[in-house]
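Here are the chains, one letter per residue:
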Amino acid sequence: MDKPLQGQVAVITGGGRGIGRAIALGYAAAGAAVCCSSRSSTQLDETVALIIAAGGRAIGIPADVTDTASMAQLFAETDKAFGRVDIVVACAGDAAENKLVAESDPMKWKQIIETNLIGAFQTAHAAIPLLRRAGAGKMIFIGSGMGHRSGPTRSAYASSKAGLWMLVRILSQELVADNIAVNELIPGPVMTDFIKGREGTLGAGSEWLKQPEDVVPMALFMATQPATGPTGQTFSLARREL
Ligand code: NDP
């Protein structure tokens with residue numbers, strides 16, 4: 001099918017740059033109307049302009065995933081603009097603190113959990129009523145291999161993504177009767193602002209240092225599965241054991 005997401009509406013947190021922007025462009029090219037969200041409106045405006053220049057439909061709504069009211073407003077405004085929500089990609093993420101536990105700044109540690117885990121919960125919490133109203137839907141959470149293996153200095157990030165892994169399982173069980181599939185996408189290392197300064201340590205051995213566009217085919221696959229398709233699963237682009 002030429003436009004497999006025609007008639008559908010997708011909300012993408014972290015849609016201003018990096019992986020979220022690439023997925024927003026990919027979904028719009030597949031026919032979806034897309035609402036991109038992040039804290040910075042400048043980057044959202046750029047994503048929206050790219051989609052519209054390519055003939056797609058998009059809006060950008062600044063929202064902070066750590067703020068409950070702002071997430072409720074994001075979904076209310078998307079509903080107002082496009083009349084429904086079918087697909088939600090929780091991509092907003094933060095990895096600002098990479099320190100040993102003993103040397104971590106507790107406020108920065110909490111901030112990572114608040115963005116990556118509580119932010120994902122808030123995204124789901126605000127999205128569920130609209131997905132239920134649509135009668136079916138897809139929720140895709142951008143996880144990480146670090147949620148599955150330990151590593152010194154990564155306690156905040158790895159703990160947040162390990163929590164996300166469990167949140168995906170529980171949400172999938174809670175929403176299976178509503179035809180809402182909930183799955184995790186693990187991209188493996190991707191060249192974005194997120195890994196700046198660590199590029200040399202990633203993509204080693206059999207691993208593949210991707211561009212954001214390389215994540216799009218998997219994100220499209222996950223968004224286009226039938227109502228009887230997979231839920232509660234992890235789909236990974238990594239080339240090593242998680
Ligand atoms: P980027 O830093 O390029 O993008 C992160 C996005 O999240 C930005 O749009 C940022 O916008 C947004 N964001 C951050 N904090 C918040 C917040 N509190 N509320 C709303 N939006 C927020 O990173 P990537 O594209 O690489 O990362 C996207 C996801 O992929 C993350 O969840 C990350 O954990 C995951 N991932 C990335 C990997 C990689 O190698 N790049 C590997 C494995 C997983 P703004 O700052 O304006 O709010």
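Just so you know, these numbers come straight off a predicted model, no measurement behind them.

Draft legend 1. Quick peek at the overall build of the chain. The helix and strand inventory of the chain stands at 6 helices and 7 strands. Taken over C-alpha atoms, the radius of gyration comes to 17 Å for the chain, in line with the 18 Å a tight globule of 242 residues would show. A buried classification covers 48% of the 242 residues belonging to the chain. Excluding contacts between residues fewer than 6 apart, the proportion of contacts in the chain whose partners are at least 24 apart in sequence is 69%. By element, 55% of the accessible surface of the chain is carried by carbon and sulfur atoms, the whole surface being about 11000 Å². Taken as two groups, the 22 positive and 22 negative side-chain charges of the chain have centres that lie 2 Å from each other.

Draft legend 2. Spatial organisation of the pairing of strand β3 (residues 57–60). Strand direction decides the pairing type here: strand β2 (residues 33–37) and β3, joined by 4 bridges, are parallel. Across the sheet, residue V34 finds its bridge partner in β3, namely A58. Tracing the backbone out of β2, into helix α2 (residues 41–53) and back to the parallel element β3 gives a crossover that is right-handed.

Draft legend 3. Structural detail: the site of the ligand. Of all residues adjacent to the ligand, which total 27 residues, the nearest are I19, R39, Y157, V190 and T192. A distance of 2.7 Å separates an oxygen atom of the ligand from a polar side-chain atom of R39. Within the contact set of the ligand, an oxygen atom lies 2.9 Å away from a backbone nitrogen or oxygen of S40. Protein contacts shield 95% of the accessible area of the ligand, which totals 880 Å² for the unbound molecule. Going through the elements one at a time, α1 (18–29) and α5 (155–175) are the ones with two or more residues in the shell around the ligand.

Draft legend 4. Fine view of the packing of α1 against α2. Here α1 crosses α2 at 25 degrees, and the two axes come no closer than 10 Å. Compared by their axis directions, α1 and α2 come out roughly parallel. Considering only the axes of α1 and α2, their crossing is right-handed. Residues R21, A24, L25 and A28 of α1 form the contact with α2, whose own contacting residues are Q43, E46, T47, L50 and I51. Tallied by class, the residues present in the contact of α1 with α2 amount to 5 nonpolar, 2 polar and 2 charged.

Draft legend 5. Highlighting the pattern of salt bridges. Scanning the model with the defined rule gives 6 salt bridges in all. A salt bridge links R17 to D193, with the nearest nitrogen and oxygen atoms 3.4 Å apart. On the criterion of sequence distance, the pair formed by R17 in the loop between β1 (9–13) and α1 and D193 in the loop between β6 (180–186) and α6 (216–223) is long-range, its members being 176 residues apart. Owing to a relative accessible area of 43%, R17 belongs among the partly exposed residues under this scheme. Given the relative accessible area of 41%, D193 is considered partly exposed. Measuring nitrogen to oxygen at the nearest pair gives 3.0 Å for the salt bridge that ties R132 to D178. Of this pair, R132 sits in helix α4 (residues 106–134) while D178 sits in the loop between α5 and β6, and the two are 46 residues apart along the sequence.

Reading the values: the criteria
- Residues numbered from 1 in each chain as written.
- Predicted model: local features only at pLDDT ≥ 70, side-chain atom pairs only at ≥ 80, totals over all residues.
- Heavy atoms only, no water.
- Helix = DSSP H or I, 4+ residues; strand = E, 2+ residues; numbered from the N terminus.
- Rg over C-alpha atoms; globule rule 2.2 N^0.38 Å.
- Buried < 20%, exposed > 50% of the residue type's maximum accessible area, 1.4 Å probe, protein only.
- Contact = heavy atoms within 4.5 Å.
- Areas by Shrake-Rupley, 256 points an atom, 1.4 Å probe, with all protein chains shown as cover.
- Lys, Arg positive; Asp, Glu negative; His and termini not counted.
- Charge placed at Lys NZ, Arg CZ, Asp CG, Glu CD.
- Pairing = 2+ DSSP bridges.
- Right-handed = clockwise from strand over helix to strand, strands pointing away.
- Near = heavy atom within 4 Å.
- Polar contact = N/O pair within 3.5 Å; in protein donor to acceptor, adjacent residues only side chain to side chain.
- Axes fitted to C-alpha atoms, helices over the stretch in contact; angles between N-to-C directions.
- Parallel < 35°, antiparallel > 145°, perpendicular 65-115°, else oblique.
- Left-handed = near helix turned anticlockwise from the far one by under 90°.
- Nonpolar A, V, L, I, M, F, W, Y, C, P; charged D, E, K, R; others polar.
- Salt bridge = Lys/Arg side-chain N within 4 Å of Asp/Glu carboxyl O.

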